[in-house]
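Examination of the molecular architecture
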Amino acid sequence: MHSKGVASGKIGSSYSITEASQGKYHYVYGPYAEPVLSISPGSRISVETHDAFEGKIQSESDKPSEILNFPYLNPQNGPIHVEGAEKGDVLAVYIERIVPRGPQPCGTTLIMPGFGGLVPTDNTAMLTAPLPERVKKLHVDPIAGTRWNDKIVLPYEPFIGTIGTSPEIEAISSLQPDYYGGNMDLPDVRVGAIIYLPVNKAGAYLYVGDCHAAQGDGELGGVAIEHPTVTTLHVDLIKNWSIKWPRVENEHSIMTIGSARPMEDAARIAYRELIDWMAKDYGFEEIEAYMLLTQVGGVRVGNMVDPKYTVGASIKKSYLI
């Protein structure tokens, strides 16, 4: 791990959050819900996440507009209280495992009115009529993949669509990404990665949910292959290292994440934060980092459909010498 702060990296106690122990899933990120669990840094947690519709879409004949109650979408487990976490600290969340949940693991993707990258929405108002609703129910197999049709099989490439810490005072819809994390829909938040999240209040209050079996860049139609999972996290705490926006690290690269509208502002936030990381922790002069990223920086669109768009900016570790 590359930071001025140091997480212990040690595994402590193990916990689980089941549907039963979670009880009520949450649809906002905020400091006002009672924690479902309190852990010490270094703990491992197994979490039974729901799909983005809390299992309400049962068949391909269902009409989402008649079943789903917007904005009660994207249910979140938590909040998880992390002992000793204070404003200005950082949570380091190691994503250890994501597996489909259920005797016959089922994924759901759909088109619903007023949501998606190529349709009129409340934020992009048009006279164009909404697209017709459509639901696809798909069997998700972690080994064989997800059969889209008779010819196409999608590999199982799971990641966490929504994860973050509580804002200090706001209560914000779990559909929205921002400085605390939230609904970033970034495929790099996957097994084997570490996501670093800013702590904004005492106890951090970690939320997690919305795992995807597959998703393309941008989540174009607004809905990935949503599926319930058992997701295993190792949650650690870093003192003496503050960040403004989420960061991701894997064996090959480091990435910073920005969320905003328009999309170019999200990219600007992400690249600005990456330059800051390179300067403070890797010894680069800021202008030199700026020039280097112009040549080798990578940009990935997490989502182009949420209330704010998410972009990740990255650099390979081989350049950080």
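Everything here concerns the structure above.
In this report, we go over the structure that sits alongside the text. This structure is a prediction, so every number in the text was calculated from the model and none was measured.

What follows is about the overall build of the protein. Regarding its fold elements, the protein presents four helices and 21 strands. A globule of 321 residues ought to have a C-alpha radius of gyration of about 20 Å, and the protein, at 19 Å, matches this closely. Overall, the C-alpha framework of the protein stretches about 55 × 45 × 40 Å when taken along its three principal axes. Within the protein, the fraction of its 321 residues that count as buried is 55%. Of the contacts formed within the protein by residues at least 6 apart in sequence, a portion of 79% connects residues at least 24 apart. For the protein, the accessible area works out to roughly 14300 Å², and carbon and sulfur atoms hold 53% of it. A distance of 2 Å separates the average location of the 27 positive side-chain charges in the protein from that of its 38 negative side-chain charges.

The next subject is the environment of Ile143. Its location among the elements puts Ile143 in the loop between β8 (134-141) and β9 (145-147). On the accessibility criterion, Ile143 (80% relative accessible area) is exposed. Along the sequence, Ile143 and Pro155 sit twelve residues apart, while their C-alpha atoms lie 8.1 Å from each other.

Spatially, β1-β4-β17-β6-β15-β18-β19-β21-β20 is the arrangement adopted by the nine strands of the open sheet, whose pairing is mixed. Two strands bound the open sheet, and with one partner strand each, they are β1 (14-17) and β20 (298-303). Between one strand axis and the next, the sheet turns by 25° as a mean value, whatever way the strands run. Here strand β18 (residues 247-249) runs beside strand β19 (residues 253-260); their pairing, made up of three bridges, is antiparallel.

Residues Ile287, Tyr290 and Met291 make up a contiguous nonpolar surface patch of roughly 330 Å² in combined accessible area. Mapped onto the elements, Tyr290 comes out in helix α4 (residues 286-296). On the basis of relative accessible area, Tyr290 is assigned to the exposed category, the value being 52%.

Another aspect to go through is the pairing of strand β21 (residues 309-316). For β21, a buried count of seven out of eight residues is recorded, marking the element as mostly surrounded by other parts of the structure. In the sheet, β19 pairs with β21 via eight bridges, with the strands oriented antiparallel. Across the sheet, the residue bridging to Ser253 is Lys316, located in β21. Here β20 runs beside β21; their pairing, made up of five bridges, is antiparallel. Looking across to β21, one finds that Val299 is bridged to Ala313. Count of turn residues in the β20/β21 antiparallel hairpin: five residues.

Where charged atoms from two side chains of opposite charge approach closely, those side chains can pair. Using the criterion set out here, one finds 14 salt bridges in the structure. For the salt bridge of Asp178 with Lys308, the shortest nitrogen-to-oxygen distance reads 2.6 Å. One end of the pair, Asp178, is in strand β13 (residues 177-178); the other, Lys308, is in the loop between β20 and β21, and 130 residues separate them in sequence. Measuring nitrogen to oxygen at the nearest pair gives 3.5 Å for the salt bridge that ties Asp276 to Arg247. Of this pair, Asp276 sits in helix α3 (residues 263-282) while Arg247 sits in strand β18, and the two are 29 residues apart along the sequence. The same class applies to Asp276 as to Arg247, namely buried. Salt bridges sharing partners connect three or more residues here, namely Glu19, Glu48 and Arg101.

Rules used throughout
Residues numbered from 1 in each chain as written. Predicted model: local features only at pLDDT ≥ 70, side-chain atom pairs only at ≥ 80, totals over all residues. Heavy atoms only, no water. Helix = DSSP H or I, 4+ residues; strand = E, 2+ residues; numbered from the N terminus. Rg over C-alpha atoms; globule rule 2.2 N^0.38 Å. Buried < 20%, exposed > 50% of the residue type's maximum accessible area, 1.4 Å probe, protein only. Contact = heavy atoms within 4.5 Å. Areas by Shrake-Rupley, 256 points an atom, 1.4 Å probe, with all protein chains shown as cover. Lys, Arg positive; Asp, Glu negative; His and termini not counted. Charge placed at Lys NZ, Arg CZ, Asp CG, Glu CD. Pairing = 2+ DSSP bridges. Axes fitted to C-alpha atoms, helices over the stretch in contact; angles between N-to-C directions. Patch = residues over 30% accessible without salt bridge, like charges linked within 9 Å, V, L, I, M, F, W, Y side chains within 5 Å. Salt bridge = Lys/Arg side-chain N within 4 Å of Asp/Glu carboxyl O.

Distances and angles like these do not, on their own, reveal function.
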